[in-house]
Amino acid sequence: MRHTFKVNVGLFRQSLGTVRQSLSRPGARWIVGAAGGVVIVTALAIGLILVPSGSGSSPILPSPSDSPSPSPSPTPAPPPKVASPINGVMLDRAVYESLQAKAPLAIMIENHPDARPQSGLNQADLVYEAIAEGGITRFMAVYWSTEAARIQYVRSARIYYIQWAAELSAVYCHWGQVEDPGPVDVWPVLARLNVRDLNGLILGEEVGYRDESRYAPHNVFTDTGLLWRSAQAHSFSGPPVVEAWKFKEDEPQRAGNPAERLAPVVNVTFGSPGSEFDVVWNYDPATNGYLRSMGGAPHTDATTGEQVSARDIAVQFAPLRPSGIKAYNIIDTVGTGSSVIFQDGVAKVGTWRKDSESGRTRFFDAIGQEIPFNRGRTWIEVVPTDSPVGY
């Protein structure tokens, strides 16, 4: 829209005449100059005010760069500690990252009376114990976040230990194996589960050394450094592929839950009360853990002299039956059964379940909730279904 403004010319001429007459008076020239300036400024101001909005001029707007940019949200820092997937211990992040290149080691350790005392069990992240043959138990000690300078004495493979090692994507370390054809032959199981294997009977000093002061076969010792170097040489590396258990903080001497009962002493007989393989665990309130005795005496480490200990004890009742080949047994690791978990000085009755040969064994309470473990070393005591366990 165009705006037209009219000016009263007569009035303007009259005002101009008045100004001219005033010029003839002394001292008036400077006033006229000032007045003229005022008129000009006033006219300019009026012109600016009366600029029509439709004249095509655009208002001056701030450019996008004139507006302050929002600060990016800070990236949250990663937690300073990370839980080990095997035993739940909180590790410094730098340590945890450095461990990713290593695979867990699952090492067979014998428990024949001629092989005692053992070394290295107290350095393990996790320990399995089950009957090998003739009522004699054997251990499988798992190392990942820990190291052991001496582990003794290393013995041969059994199928059910391989199935537990497969749960942890561990490198299975042993000296010899059962090769008898049929259900106890370890080679088909190693191949079927694609378990990485370090066999001292084949690899010799890549796996361990014989103590010449002792009689074979109870004299092979090793250490985690040697085994990790051998694993690396065979391209057996990490990170571990583990379906982690649940873990919790300590609750020393907890009580008051009707589904639990106090368990200051745990007796695991492996089916033969009073035998050399009869195990007793005593609760230690000072450490909120359990101390192990075996065959009526404290079970101590040959290197450190310390009594073997655990933060949790999981007793797993599993079917054990003769294989029909020599004295070898078969233990059914896949399936479900009863269990009792001992921690914090109490017992929790429940069940265990393993869905496949390489699937993780998990433990549940009486209402089907997964049981969290205390952080630290857990012992899995796999006993025959009819084995008496006292507490």
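Here the structure is shown first, and the text comes after it.
Residues numbered from 1 in each chain as written. Predicted model: local features only at pLDDT ≥ 70, side-chain atom pairs only at ≥ 80, totals over all residues. Heavy atoms only, no water.

Summarising the element assignment, Thr 222 is placed in strand 10 (residues 220-222). Among the polar contacts listed, one links the side chain of Thr 222 to the backbone oxygen of Val 207, at a separation of 2.6 Å. Those residues in contact with Thr 222 that lie beyond four places of it in its chain are Ala 149, Arg 150, Ile 151, Val 154, Val 207, Gly 208 and Leu 227. (Helix = DSSP H or I, 4+ residues; strand = E, 2+ residues; numbered from the N terminus. Polar contact = N/O pair within 3.5 Å; in protein donor to acceptor, adjacent residues only side chain to side chain. Contact = heavy atoms within 4.5 Å.)

This part takes up the packing of aromatic side chains. If you walk through the whole model with that rule in mind, you get 13 aromatic pairs. A ring pair is formed by Tyr 96 and Trp 144, whose centres lie 6.2 Å apart and whose planes are at 85°; its orientation type is edge-to-face. Taken as a pair, Tyr 96 in helix 3 (residues 93-99) and Trp 144 in the loop between strand 5 (136-143) and strand 6 (151-152) lie far apart in primary sequence, 48 residues in all. As far as the burial class goes, Tyr 96 and Trp 144 line up, both buried. Geometrically, the ring pair formed by Phe 139 and Trp 379 is edge-to-face, given 5.5 Å between the ring centres and 80° between the ring planes. Taken together, the residues Phe 139 in strand 5 and Trp 379 in strand 25 (residues 378-384) connect sequence positions 240 residues apart. As far as the burial class goes, Phe 139 and Trp 379 line up, both buried. What links up through ring pairs into an aromatic cluster is the set Tyr 128, Tyr 160, Tyr 161 and Trp 164. It is Lys 102 that lies over the ring of Trp 228; its NZ or CZ is 3.5 Å from the centre. (Phe/Tyr/Trp six-rings, centres within 6.5 Å; stacked < 30°, edge-to-face > 60°. Buried < 20%, exposed > 50% of the residue type's maximum accessible area, 1.4 Å probe, protein only. Lys NZ or Arg CZ within 6 Å of the ring centre and 35° of its normal.)

Overall, the coordinates contain 24 salt bridges when judged by the stated rule. The salt bridge involving Glu 97 is made with Arg 93; its shortest N-O contact spans 3.3 Å. One end of the pair, Glu 97, and the other, Arg 93, are both in helix 3, four residues apart, so they sit about a helical turn from each other. Arg 93 gets classed as partly exposed once you look at its relative accessible area, which sits at 25%. In this structure, Arg 362 and Glu 370 form a salt bridge, with 2.7 Å as the shortest nitrogen-oxygen distance. Note on Glu 370: relative accessible area 18%, which makes it buried. (Salt bridge = Lys/Arg side-chain N within 4 Å of Asp/Glu carboxyl O.)

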